[in-house]
Amino acid sequence: MSSRRDFLQKVTASAIALPVLNQYSPISFNDMDDQPYDGPILRVAIMGLGSYGTRVAEAMKGCKKAKLTGLISGTPSKVLDWQKKYDIPEKNCYNYENFDQLKDNPDIDAVYVITPNGLHHDEVIRVAKAGKHAICEKPMAINAQQGQEMVDACKAANVKLLVGYRMHLEPKTLEIIKMRNEGEFGKILFFQGLSGFRIGNPNQWRLNKELAGGGAMMDIGIYSINGARYMIGEEPFWVTAQETKNDPVKFKEGVDETIQFQMGFPSGAIASCLSTYSMRNLDRFFLNGEKGFAELLPATGYGPIKGRTNKGELDHPHKTHQTVQMDEMSDIILQGKQPLVPLDGEEGVKDMKIIDAIYKAVETGNKIPLSL
Ligand code: NAD
């Protein structure tokens, strides 16, 4: 891992001085480590103190613009540990029964929901009704209807909804997107996304249809769906998909083990992707255009991400993804910053619509039209 020092680059005075960050600034998230920051701080409560919640809390120690100030958990012993570790006062700790009382807590601006997928819908809607901004882990819900209801609830409550799409802020990924936008790869023809790992314990929530909403597609295949969209830079208008299930005991009805899927894009580009819980070492994106190519390998892990194009290796320094994400989300929520690739609820709903269509394609064998 690179040290914070590695990220020092020049930053323009204007980037710091701007009162409203309404434009994407490619250098704003990896180069301000030694710059004083006296702008607003996003005060965040984490809901779900599990494995990823722990990673986010640790990463937030490195944030300048976001701070962990609250906890929501069903396990009192974990809350006590975290209170000590992160210096969280008792009055900012809640459980799943009483977190609606957040509405009376002026010390928390946003809640980051990091619980099993099937719980996100109800939890985000309760967060919105408590008048707090919601950050929700991917997949934002277990189908598009739920996702849309979450978007609507946050709009009605006048709070923001963001999805934990940390790759939308990753420097090598953004460099490829910028190169594509500048025409460096020519007309885009093809994207390949490989997303998978071998899942262990058969009793975990990720293999429980009710809590996970599906199987590998919800958890890891979504990276290839989302990646195809931001790498090609268009929205797909059809999808086809085929499922392979070799272990129906571990992967029960409604829990997908391996799905191959293909998507068509209006320009004529196509995507061919694999989502699986049964194969190791699958985390690769490949983009091919008439004039060049880009590869990310690994493409979506916690990093460092490795990237190369027909012009050579990408050498942007690594910084902990979740630290960058929470600082950027602070700017998005508190200062209205527009990221190059959106991380909002509408963006999450698009992926959910594609997942719905992939499951429908598997079930029917048909090519499913998409309108995103
Ligand atoms: P985890 O099992 O480690 O943690 C889940 C937490 O939710 C636990 O603390 C658990 O106690 C709590 N929980 C609350 N109600 C529960 C219930 N009814 N059943 C089971 N657990 C319950 O899972 P995780 O790996 O932290 O994943 C949580 C979410 O974060 C998922 O949506 C996952 O997709 C997402 N995630 C995102 C990334 C990323 O890189 N963006 C990485 C990992 C996980």
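Please refer to the structure placed before this passage.
All values reported here derive from a predicted model rather than from experimental measurement. Think of each chain on its own: its residues are numbered from 1, step by step along the sequence as written. In keeping with the model being predicted, local features are shown solely for residues with a pLDDT of at least 70 and side-chain atom pairs are shown and tallied solely at 80 or more, while totals for entire chains, interfaces and linings include all residues. Just so you know, side-chain values use all the structure's heavy atoms and leave hydrogens and water out.

Q: Talk me through the sheet that holds strand 13 (residues 307-309); I want residue IDs and the actual numbers.
A: Either a parallel or an antiparallel arrangement is found when strands of a sheet pair, and the pairing is made through backbone hydrogen bonds. Across the sheet, nine strands lie side by side as 14-13-12-11-7-10-9-8-15; this open sheet has mixed pairing. The open sheet terminates on both sides in strands that have one partner only, identified here as strand 14 (312-313) and strand 15 (368-369). Contact criterion: two residues are considered in contact whenever any of their non-hydrogen atoms come within 4.5 Å of each other. Axis definition: a line fit to C-alpha positions, over the contact stretch in the case of helices; interaxial angles, taken between N-to-C directions, run 0 to 180 degrees. In DSSP terms, a helix is any run of H or I states spanning at least four residues, a strand is any run of E spanning at least two, and both are numbered starting from the N terminus. Relative to strand 12 (residues 293-296), helix 6 (residues 171-181) is tilted by about 165 degrees, and along the sheet it contacts strand 7 (188-198), strand 11 (278-289), strand 12 and strand 13. Packed on one face of the sheet, helix 8 (residues 216-232) meets strand 7, strand 9 (258-264), strand 10 (270-276), strand 11 and strand 12 and runs near 160 degrees to strand 7. Whether two strands pair comes down to DSSP finding at least two bridges between them.

Q: Give a detailed account of the packing of helix 6 against helix 8, specifying residues and quantitative values.
A: Look at helix 6 against helix 8: their axes get within 8 Å of each other, and the N-to-C directions meet at 40 degrees. Comparing the axis directions of helix 6 and helix 8 gives the class oblique. Where helix 6 abuts helix 8, its residues Thr173, Ile176, Ile177 and Arg180 lie against Tyr230, Met231 and Ile232. Here the word oblique covers every angle except those under 35 degrees (roughly parallel), over 145 (roughly antiparallel) and from 65 to 115 (roughly perpendicular).

Q: Run through the environment of alanine 269, naming residues and quoting values.
A: Mapped onto the elements of the fold, alanine 269 is located in the loop between strand 9 and strand 10. In this structure the C-alpha to C-alpha distance between alanine 269 and isoleucine 232, which are 37 residues apart in sequence, comes to 7.7 Å. Not counting residues within four places of it along the chain, the set of residues in contact with alanine 269 comprises Ile188, Leu189, Ile232, Met263 and Gly264.

Q: Now, about the site of the ligand: what can you tell me, with residues and values included?
A: We define proximity as follows: a residue is near a molecule or strand when any one of its heavy atoms falls within 4 Å of that partner. As a matter of local geometry, the ligand sits amid 23 residues, with Ser51, Asn117, Lys138, Arg166 and Trp205 nearest to it. The term polar contact refers here to a pair of N or O atoms within 3.5 Å; inside protein, the definition further demands a hydrogen-donor-capable atom paired with an acceptor-capable atom, and it admits residues adjacent in sequence only when both atoms are side-chain atoms. Within the backbone of serine 51, one N or O atom sits 2.8 Å away from an oxygen atom of the ligand. The contact in question runs from an oxygen atom of the ligand to an N or O atom on the backbone of tyrosine 52, over 2.8 Å. Within the complex, 79% of the 840 Å² of free accessible area of the ligand lies under protein. For the shell around the ligand, the secondary-structure elements that each account for two or more residues are helix 2 (51-60) and helix 8. By convention here, the domain bounds are inherited from an automatic or database domain assignment. Looking at which domains feed residues into the shell around the ligand, each of domain 1 (4-11 + 167-317 + 342-369) and domain 2 (32-165) supplies at least three. To measure how exposed things are, a 1.4 Å probe is used in the Shrake-Rupley method; for residues, cover is taken only from the protein chains shown.

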